[in-house]
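So the chains spell out like this:
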Amino acid sequence: MRSDNSLLTHVGIIMDGNGRWAKSRGLPRIDGHKAAEESIHEAVEYCGEIGIRYLTLFAFSTENWKRPRAEVSFIMFLLSRFIKRNVDNLDRKDVRIRATGRLDDLPSKPRADLDAAISRTESNQGLNLILALSYGGRAEIVDAVKSLTEEIQSGRKSVMDISEEAINSHMYLPDVPDPDLIIRTSGEIRLSNFLLWESAYSELYFTDVLWPDFRRRHMQEAFVDYKSRRRRFGDIDGN
Ligand code: IPE
Ligand code: IPE
Ligand code: MG
């Protein structure tokens, strides 16, 4: 789904640089992941305040499972802790917690905490906070193709029905509009498998700031930059 030229409806953030933040302070990498919580707070608060409808945070990729087991376990522990510590406050702020990714790959504890937070906040009308967990853009496309193929094999759809809309309707969160803006911290200029299908016309913003240092003023800078862009979606400029 494409949104209006000037609106900022959906923001995606590739929260990168936790390890380097810790290393630069002589700390273990996991301390960088711990410090990330404050940045998440600010991002969620700020987006809620200014009326952003969807905020997708890339928290753990399908490729991040390759990391040392201790680091992965710690990130999973932090996920549970983040949910438990914040769900009351997020619920009060009318935030709807959602998730995208291969959630079945998550260990049972964080999965249960996540599911509980999702159902508890299901009817909230404020910011949609979408946690991308065990998320990969290619995995999402593979999963969509699989479920679309199943529909075709069962005779409910035919090959002629394959269209962008049909594929879209099989993505993890088909009701969520495509991201208008994707921010990546830590100076890396790549998507690293984030929202590949959905980012076709997203505006991209890269900053050298490491995620644990990312504050609302950095987010404001990104939004100001976004407002100066002209989105053409392949068309010619209007007047
Ligand atoms: C982002 O920070 C968090 C995750 C990918 C889980 P990193 O852990 O990738 O930090 P750097 O890139 O090594 O500094
Ligand atoms: C992307 O960061 C994934 C998340 C932020 C969760 P990575 O640190 O995994 O990406 P690469 O390896 O530098 O591309
Ligand atoms: Mg990284």
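In what follows, the structure referred to is the one given above.
Since the structure is predicted, the reported quantities are computational estimates derived from the model, not experimental observations.

### Some thoughts on the overall build of the chain
- Within the chain one finds seven helices and six strands.
- Along the chain, from the amino end to the carboxyl end, the secondary structure elements read β-α-α-β-α-β-α-β-α-α-β-β-α.
- A globule of 239 residues ought to have a C-alpha radius of gyration of about 18 Å, and the chain, at 18 Å, matches this closely.
- The C-alpha extent of the chain, read off along each of the three principal axes, is 55 × 50 × 35 Å.

### Structural notes on the nonpolar core
- Grouped together as the largest cluster of nonpolar side chains are 43 residues, with contacts concentrated most on Ile13, Leu55, Ile183, Met219 and Phe223.
- For this core, the leading source of residues is helix H3 (residues 69–92), giving eight residues.
- With near-sequence residues (within four places) excluded, Met219 lies in contact with Ile13, Ala43, Tyr46, Cys47, Ile183 and Phe214.
- Counting residues in hydrophobic clusters, the runner-up holds seven residues, among them Phe58, Ala132, Tyr135 and Leu195.

### Description of the packing of aromatic side chains
- A full pass over the atoms with the stated rule returns nine aromatic pairs.
- Between Phe60 and Trp65 the ring centres are 4.8 Å apart and the planes differ by 70°, which places this aromatic pair in the edge-to-face class.
- For Trp65, a relative accessible area of 29% corresponds to the partly exposed category.
- With a centroid separation of 5.5 Å and an interplanar angle of 50°, the aromatic rings of Tyr201 and Phe233 are classed as tilted. Residue Tyr201 is found in the loop between strand S5 (181–184) and strand S6 (203–206), and its partner Phe233 is found in the segment after helix H7 (216–227); the two are separated by 32 residues along the sequence.
- Take Tyr201: its relative accessible area is 45%, and that puts it in the partly exposed class.
- For Phe233, a relative accessible area of 17% translates into the label buried.

Cut-offs applied
Residues numbered from 1 in each chain as written. Chains lettered and ligands numbered in written order. Predicted model: local features only at pLDDT ≥ 70, side-chain atom pairs only at ≥ 80, totals over all residues. Heavy atoms only, no water. Helix = DSSP H or I, 4+ residues; strand = E, 2+ residues; numbered from the N terminus. Rg over C-alpha atoms; globule rule 2.2 N^0.38 Å. Core = buried A, V, L, I, M, F, W, Y, C linked by side-chain atoms within 4.5 Å. Buried < 20%, exposed > 50% of the residue type's maximum accessible area, 1.4 Å probe, protein only. Contact = heavy atoms within 4.5 Å. Phe/Tyr/Trp six-rings, centres within 6.5 Å; stacked < 30°, edge-to-face > 60°.

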